[in-house]
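Next come the chains, spelled out residue by residue.
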Amino acid sequence: MAPAAALEPGQPGLQDSGAREGAGILESRLTGLGRVEFARDVWGRTASLTRGASDFSDVFSPSAVDELISRRGLRTPFLRVAKDGATLPSSSFTAPAGVGATVADQLDDTALWRAFADGATLVLQALHRTWEPVAELVSGLSTELGHPVQANAYVTPPQNRGFDAHYDVHDVFVLQIEGAKRWVIHEPVLPDPLRDQPWTDHRAAVADRAAHGTPRLDTMLRPGDVLYLPRGWLHSAQAQGEVSIHLTLGVHAWTRYALAEHLTRAALAALGDDPSMRRSLPLAEQASNGPDEPGGPNGTDAVLDLVRERLLAAVAEADPAPLFHRASRSQARPAPLGPVAQLAALSGLATTSPVRLRKALEPRLEGTRLFTRVGYLDFPASDLVPVARLLDGRVHTAGDLGLALAGRLLRAGVLVPADR
């Protein structure tokens, strides 16, 4: 594939916008590609640039930056500050906020203004927790992809950069919101890095590739453009003649390695129930050539062979699904829940009340137990049919489910009024 500067619409790596009406977030707002096409041609394979993917003014804006920093009372670590490749200490931009708000790690808007005017990049972290439009986009994309997603915003003054060339251990969608930013992309020095394999472990190779390698992409992002980078792809970015704001949606992809981890844990749990596997190993080797010698029937070699055999059998029989789904549920939060509105819905519950499952719960019904991100609930057999019906995500009436069941699920934070 040629560098981005040589690409024209229709060539691999550069996409036109123009998604079909009613398409998912991936197609309608990010890539112009359906999920099947994106999975086949792009996902985890190559960098991809989509010009004019969407108008993101409904998601984030310069005024959102100002409001979050000056009026929302944010605390660290919801913001980082970086300049010339280094992260500034949080003490340089935090302070107490006066009577009734003396917590010392709140953002100091005056200190942040001075750092920004001096060329520092402001990194608003975990925006899926602090800005509702971003939260909705992230939640929908996570559901569509089947992988956890988080969001940061990078606000860079003109002609400045926040970070040196590096790679991330998660895939990213870069959404240019305001201004223009030049991105230089190189292929990985470590393809598909795991979460415990950060770029700092390969600092010299990263620096060498960035300094001497031929860029795969060298391009300017402008408002509405979207850049997708698989994890491990090297990148650096510099703002141009005006303030640049971009959102990074980080996709923390589940990997085969993660599945192997859960499979191994399930196998080890099964071995813990095997009395023969809980036996002690032989004592230190004896001088005689007895049964406890390494090659004897009770020796370390024989025990190792036995353990290996039992472990392989346990792996073959193990079901990692419960552990895997439990881990998946822990990676994100359910949709917001307002206690006042929820109590009003519970107090006014009637047979005609429209209700639905709370979004982003990751529900899983196993036998008579419903697992969700807010805990689990056990049900009598008589409730299993309406509970299963509820999992379709559609709007139901409390009467359809049964008032007692609907009330229980509202109280547990699993069910919400259908207008939320």
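Description of the structure in this document.

About the criteria used
- Residues numbered from 1 in each chain as written.
- Predicted model: local features only at pLDDT ≥ 70, side-chain atom pairs only at ≥ 80, totals over all residues.
- Heavy atoms only, no water.
- Helix = DSSP H or I, 4+ residues; strand = E, 2+ residues; numbered from the N terminus.
- Polar contact = N/O pair within 3.5 Å; in protein donor to acceptor, adjacent residues only side chain to side chain.
- Contact = heavy atoms within 4.5 Å.
- Pairing = 2+ DSSP bridges.
- Axes fitted to C-alpha atoms, helices over the stretch in contact; angles between N-to-C directions.
- Buried < 20%, exposed > 50% of the residue type's maximum accessible area, 1.4 Å probe, protein only.
- 1 Å grid on protein atoms, 1.4 Å probe; cavity = no way out; pocket = protein on both sides within 12 Å on 5 of 7 lines; lining within 4 Å.
- Points joined across faces, edges and corners; volume = space filled by probe spheres on them.

It is worth spelling out the side chain of serine 54 at this point. Position of serine 54 relative to the elements: it lies in the loop between strand 2 (48-51) and helix 3 (62-71). Of the polar contacts made by the side chain of serine 54, one reaches the side chain of arginine 29; its length is 3.0 Å. Each residue touching serine 54, except ones within four places of it in the same chain, is listed here: Arg29 and Gly224.

Below, the discussion takes up the sheet that holds strand 11 (residues 217-221). The sheet built from three strands is open, its strands ordered 11-10-13 with antiparallel pairing. Two strands bound the open sheet, and with one partner strand each, they are strand 11 and strand 13 (234-239). Averaged over neighbouring strand pairs, the angle between their axes works out to 20° when direction is ignored. Here five bridges tie strand 10 (residues 181-186) to strand 11, and the two strands are oriented antiparallel to one another. Looking at the pairing, isoleucine 185 lines up with leucine 217 of strand 11.

In this structure, alanine 47 sits in the loop between helix 2 (35-41) and strand 2. Note: C-alpha distance between alanine 47 and threonine 352 (305 residues apart in sequence) is 50 Å.

Glancing now at the pairing of strand 12 (residues 226-229). Side chains Val226 and Tyr228 project from strand 12 onto one buried face, and the interleaved Leu227 and Leu229 project onto a second face that is buried too. One ladder, built from three bridges, connects strand 2 with strand 12; its direction is antiparallel. Across the sheet, threonine 50 pairs through a bridge with valine 226, a residue of strand 12. With four bridges connecting them, strand 9 (residues 171-178) and strand 12 associate as antiparallel partners. What sits directly across from leucine 175, in strand 12, is valine 226.

Glancing now at the layout of surface pockets. When its volume is computed, the largest pocket comes out at roughly 1,100 Å³. Lining the largest pocket are 35 residues, with Ala135, Ser139, Arg333, Pro334 and Ala360 sitting closest to its centre. Mapped onto the lining of the largest pocket, the elements with two or more residues apiece are helix 5 (127-130), helix 6 (132-145), strand 8 (149-156) and helix 10 (321-330). Element by element, the count of residues in the lining of the largest pocket is highest for helix 6, at eight residues. Counted as a void, the second largest pocket has a volume near 510 Å³. Residue lining of the second largest pocket: 28 residues in total, with Tyr154, Phe163, His166, Asp168 and His235 positioned closest to the centre.

From the geometry alone we can't say anything about function, so treat these as descriptive.
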